[in-house]
Amino acid sequence: MPKTTAEVRTFFDAHWTVRKYKSFEMPPDHLDTILSATQRAPTDATAQMYSFIRLRDSQLREKFGSLTGNPHFATASLSFLVCADVHRLELFLKSAGHELAAIPTIANHFGIGDAVMAAQNMLVASEMLGYRGCWIGGVLNALDEIVSLTKLPQGVVPFAGLTIGVADEPAVHRPRIARSLIVHEDTYREPSESEINESVALMASITARGNWAETLARYFAKDGTMEKREGSLRAILKKQLKS
Ligand SMILES: Cc1cc2nc3c(=O)[nH]c(=O)nc-3n(C[C@H](O)[C@H](O)[C@H](O)COP(=O)(O)O)c2cc1C
């Protein structure tokens, strides 16, 4: 049965990212339902080029918390490392007597696409059951150590973490930029300066200091935090995908 537009809006409007969880052991049927939804995600070329490392060991979960600056890795009901996985694809090819072509860029593209779709299905299914979650790009702060802690074979590349559990913080509704900036009609439309300024103002409520463009700059501009991540991500792609 299709949902009503009001039901769909209410469900998606209620999404919010949580970083503090109650101690809660998830019932097995909830976990099974969430993992089933995860595997129902569409997958490019049918290849399912992703793997999830479920973090269960408490010391490992704490280590992930400190390495990534996201301590909820240790306290969530579920903690995962979400990975692009071309290693298993190679095994399937090998079963039919083939070798993987020299396609590291394609492998990265397919693997990340598949991993993101599956993990977002996981998050949405969790939210349908009343849980909340948090994607964790902070894994990029410690890629080498994470690859070695989780014994990822060549061909498997961490994309992000994902924690899921029962929220222990009040709900917030974080804004998004204007829809007219993200949906283009037939051809790409450059936004005007005033549209850019309006969307920066729209996003102000999620910032500590009131200027979202400055928040973005602390991540992505020169001397921002992403500059430090660039080299280590490139090195891991070289090591894991021979790219
Ligand atoms: C790929 C990805 C990585 C993220 N990494 C982090 C992270 O490392 N730490 C964190 O607290 N939130 C992280 N987030 C959550 C975003 O900050 C959050 O989705 C955004 O602020 C919008 O808020 P909302 O989800 O509550 O609407 C990440 C989200 C995505 C999609």
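Scroll up to find the structure this text is about.
Here we summarise the structure given alongside this text. One numbering rule holds for all chains: residues counted from 1, following each sequence as written. This being a predicted model, a pLDDT of at least 70 is required before a residue's local features are given, and a value of 80 or more before pairs of side-chain atoms are given or counted; all residues contribute to the totals for chains, interfaces and linings. Side-chain numbers come from the whole structure's heavy atoms, not from hydrogens or water.

1. Looking at the pattern of salt bridges
Step number 1: A pair is scored as a salt bridge if a Lys or Arg side-chain nitrogen falls within 4 Å of a carboxyl oxygen belonging to Asp or Glu. Using the criterion set out here, one finds seven salt bridges in the structure.
Step number 2: Across the salt bridge formed by Asp-168 and Lys-20, the nearest N and O atoms sit 3.8 Å from each other. Taken together, the residues span a long stretch of sequence, with Asp-168 in the loop between strand 5 (156–167) and helix 7 (179–182) and Lys-20 in the loop between helix 1 (5–13) and strand 1 (21–22) at a distance of 148 residues.
Step number 3: We call a residue buried when its accessible area falls under 20% of the maximum for its residue type, exposed when it is over 50%, and partly exposed in between, using a 1.4 Å probe and counting protein chains only. The class for Asp-168 is partly exposed, based on a relative accessible area of 34%.
Step number 4: Judged by its relative accessible area of 47%, Lys-20 is partly exposed.
Step number 5: Across the salt bridge formed by Glu-195 and Arg-189, the nearest N and O atoms sit 3.0 Å from each other. Helix numbering and strand numbering both begin at the N terminus, where a helix is a DSSP run of H or I of at least 4 residues and a strand a DSSP run of E of at least 2.

2. Some remarks on the side chain of Asp-85
Step number 1: Within the secondary structure, Asp-85 is located in strand 3 (residues 78–85).
Step number 2: Residue classification places Asp-85 among the buried positions, given a relative accessible area of 5%.
Step number 3: Only 2.7 Å separates the side chain of Asp-85 from the side chain of Ser-51, close enough to count as a polar contact.
Step number 4: Non-local contacts of Asp-85, meaning those with residues more than four positions away in its chain, are made with Met-49, Tyr-50, Ser-51, Gly-155 and Val-156. For the purposes of these results, a polar contact is taken to be a pair of N or O atoms within 3.5 Å, where, inside protein, one atom must be able to donate a hydrogen and its partner to accept one; residues adjacent in sequence count only when each atom of the pair is a side-chain atom. The contact rule is simple, with two residues in contact once any of their heavy atoms fall within 4.5 Å.

3. Details of helix 10 (residues 225–241)
Step number 1: With 17 residues, helix 10 ought to run about 24 Å at 1.5 Å a step, and its terminal C-alpha atoms sit 24 Å apart, in line with that.
Step number 2: Listed in full, the buried residues belonging to helix 10 are Arg-229, Ile-236, Leu-237, Gln-240 and Leu-241.
Step number 3: Against helix 5 (104–128), helix 6 (143–149) and strand 5 lie the buried residues of helix 10.
Step number 4: A positive backbone phi angle near 50° is found at Lys-242, which sits one or two residues after helix 10. One fewer than the residue count of a helix, multiplied by 1.5 Å, yields its expected span.

4. Considering the site of the ligand
Step number 1: We call a residue near a molecule or strand when any one of its heavy atoms sits within 4 Å of it. Close to the ligand lie His-15, Trp-16, Thr-17, Arg-19, Asn-70, Cys-134, Trp-135, Ile-136, Gly-137, Gly-138, Arg-174 and Arg-176, which account for all nearby residues.
Step number 2: Note that an oxygen atom of the ligand is positioned 3.1 Å from one of the backbone N or O atoms of Gly-138.
Step number 3: For the ligand, an oxygen atom lies 2.5 Å from a polar atom in the side chain of Arg-174.
Step number 4: Shrake-Rupley sampling with a 1.4 Å probe provides the accessible areas, and residues are treated as covered by the protein chains on show and by no other component. Burial of the ligand by the protein amounts to 66% of the accessible area it has alone, namely 630 Å².
Step number 5: Gly is placed with the polar residues, together with every amino acid not listed as nonpolar (Ala, Val, Leu, Ile, Met, Phe, Trp, Tyr, Cys and Pro) or charged (Asp, Glu, Lys and Arg). Classifying every residue of the shell around the ligand by side-chain character gives four nonpolar, five polar and three charged.

5. Topic: the packing of aromatic side chains
Step number 1: For Phe, Tyr and Trp, rings pair up if their centres lie within 6.5 Å, where Trp contributes its six-membered ring, and each pair is then called stacked (planes under 30 degrees apart), edge-to-face (over 60) or tilted (otherwise). Taken as a whole and assessed by the stated rule, the structure comprises seven aromatic pairs.
Step number 2: With a centroid separation of 5.8 Å and 90° between ring planes, the pair formed by Phe-52 and Phe-80 is classed as edge-to-face. With Phe-52 in strand 2 (residues 50–54) and Phe-80 in strand 3, the pair connects residues that are 28 residues apart, well separated along the chain.
Step number 3: The interplanar angle of 70° and the centroid separation of 5.2 Å between the aromatic rings of Phe-64 and Phe-73 together place this pair among those described as edge-to-face. Each member of the pair, Phe-64 as well as Phe-73, is classed as buried.

6. Overview of the nonpolar core
Step number 1: Residues belong to a common nonpolar core when they are buried Ala, Val, Leu, Ile, Met, Phe, Trp, Tyr or Cys residues joined through side-chain atoms within 4.5 Å. Counting residues in hydrophobic clusters, the biggest one holds 32 residues, and the most contacted among them are Phe-64, Leu-81 and Ile-146.
Step number 2: Only helix 3 (58–68), strand 3, helix 5, strand 4 (132–136), helix 6, strand 5 and helix 10 provide two or more residues apiece to this core.
Step number 3: Leaving out residues up to four positions away in the same chain, Ile-146 has contacts with Phe-64, Leu-67, Thr-68, Leu-81, Val-139 and Pro-158.
Step number 4: Judged by nonpolar contacts, the second largest core, of 15 residues, contains Ile-34, Phe-80, Ala-119 and Leu-162.

7. Considering the pairing of strand 4
Step number 1: For strand 4, the buried fraction is high: four of the five residues fall into the buried class.
Step number 2: Here a strand pair is declared whenever DSSP counts at least two bridges between the two strands. Bridge count between strand 4 and strand 5: five bridges; the pairing is antiparallel. Following the sheet pairing, Arg-132 is matched in strand 5 by Gly-165.

8. Quick look at the side chain of Glu-127
Step number 1: By secondary structure assignment, the location of Glu-127 is in helix 5.
Step number 2: Judged by relative accessible area, Glu-127 falls into the buried class, the value being 7%.
Step number 3: For Glu-127, the contacting residues outside a window of four places in its chain are Phe-11, His-15, Trp-16 and Arg-132.

9. What to know about the environment of Ile-164
Step number 1: Tracing the backbone through its elements, the reader meets Ile-164 in strand 5.
Step number 2: Assessed through its relative accessible area of 0%, Ile-164 is described here as buried.
Step number 3: Linking Ile-164 and Tyr-21, residues 143 residues apart in sequence, is a C-alpha distance of 8.3 Å.
Step number 4: Those residues in contact with Ile-164, other than ones at most four positions away along the chain, are Tyr-21, Met-26, Ala-76, Ser-77, Leu-78, Met-122, Ser-126, Tyr-131, Arg-132 and Gly-133.

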